[in-house]
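# Structural features, examined
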Amino acid sequence: MKPLILITVTGPDKPGITSRLMKIIVQEEKTILDMGQSVTHGLLSLSILIDTGAEGQEDSLLKDLLFAAKNMGMELEFKVLENDLVLKKPETNERFILSCVNLNGLTADFVSQIAETLAQNKMNISRIDNVSEAEFCSVDFTTNTTTKKTNWEKLKSDLFLISDIHKVDLALLKDNVFRRNKRLIVFDMDSTLIQAEVIDEIAEVHGIGKEVKAITERAMNGEIDFDQSLKERVKLLKGFPVSKMKSIAENLPLTVGVEDFVKTTKALGYKLAVISGGFQYFAQHLKNKLGLDYAFANDLEIEGEFLTGNIKGNIINAHQKAVLLDLITQQESIHLE
């Protein structure tokens, strides 16, 4: 058996540590089989798996590595491993990134539940990266499957539950070229691009705020579906002057950061769209104001200078949103992944 040595170097991070250790491994003519490095709050943890070539040839290597680590103010630990245990390949090794974001911070309870859920669903965590660096509010878990029998529907359901309990946005993405090459961002409008619900704003001006909110509550409680609730609410807007819509549109409060986000992503070549169950007049206003590429929403029927209380064309519901997303990807030649 050829002895494999796993060394772990820890201590304050600074330039030159990896370079110094690599030079020693090169001088000793040893082979690196694996390595990983992370920095947490300024402290480095570097692990290197080394094939020493033959039994009895590891002493000189370890002596030089220990001496170099001491001179750099680092701690070095090592362990001799059996290569038949180390190099076993898992049944499957598909990699995924679980991105987690909460601007108010992530808790230990949240991380605990994520780790437990992944383990229960046969997903192994190989790396954890604090994306926000100065704060603990945006973290990527690099995971890989350990079996071909992962129950994806159960995993999705479990993650949705954790997301809801802890109010953390989660995205599980396959770690491939498409994840690193995103080219389309699609927004909802109400309470997303803007911090308001347009239909509520119109209803307040029209003097029917309570009636509209009552229908919204019925829909939220599952008493009626989205299409029915939208038709009933729009019916109450009959007679609303189109002239007042301009003032409402100009005073819609943008979500903090939206303008900077749009400007940055547009400069990087992204296509941006808004697809909303709200109204096209306001979606188009935001498209023009922010410089978005596409805007789709429900078209309010107008007769003369007033709303008729009806919707023109298809209602933009969940199904139609999916159809429109597919159309945009085809138009822009962007893979759905």
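As the structure is a prediction and not an experimental result, all values here were calculated from the model. (Residues numbered from 1 in each chain as written. Predicted model: local features only at pLDDT ≥ 70, side-chain atom pairs only at ≥ 80, totals over all residues. Heavy atoms only, no water.)

This part is about the confidence of the model for the protein chain. Per-residue confidence for the protein chain averages 90 on the pLDDT scale, and 95% of its residues sit at or above 70. Here helix H3 (residues 83–86) is the element of the protein chain with the lowest mean pLDDT, 54, and helix H11 (residues 280–290) is the one with the highest, 97. (pLDDT = per-residue confidence, 0-100. Helix = DSSP H or I, 4+ residues; strand = E, 2+ residues; numbered from the N terminus.)

Within the secondary structure, Glu332 sits in helix H12 (residues 318–332). Note on Glu332: relative accessible area 24%, which makes it partly exposed. Sequence separation of Glu332 and Lys271 is 61 residues, and the distance between their C-alpha atoms is 8.3 Å. Not counting the four nearest positions on each side in its chain, Glu332 is found in contact with Lys271 and Tyr294. Side chain to side chain, Glu332 and Tyr294 meet in a polar contact 2.5 Å long. (Buried < 20%, exposed > 50% of the residue type's maximum accessible area, 1.4 Å probe, protein only. Contact = heavy atoms within 4.5 Å. Polar contact = N/O pair within 3.5 Å; in protein donor to acceptor, adjacent residues only side chain to side chain.)

Before going further, it helps to spend a moment on the sheet that holds strand E10 (residues 271–279). By definition, the strands of a sheet pair up through backbone hydrogen bonds, in either a parallel or an antiparallel sense. Strand order in the open sheet formed by 4 strands is E9-E10-E11-E12, and the pairing between neighbours is mixed. Whereas interior strands pair on both sides, the edge strands pair on one side only; in this sheet they are strand E9 (184–187) and strand E12 (306–312). The average angle at which neighbouring strand axes cross in this sheet is 35°, direction not considered. By the bridge criterion, 4 bridges tie E9 to E10 in an arrangement that is parallel. Among the inter-strand pairings, Val186 is bridged to a residue of E10, identified as Ala273. The strands touched by H12 within the sheet are E9, E10 and strand E11 (294–303), with E10 carrying the most contacts at an inclination of about 160°. (Pairing = 2+ DSSP bridges. Axes fitted to C-alpha atoms, helices over the stretch in contact; angles between N-to-C directions.)

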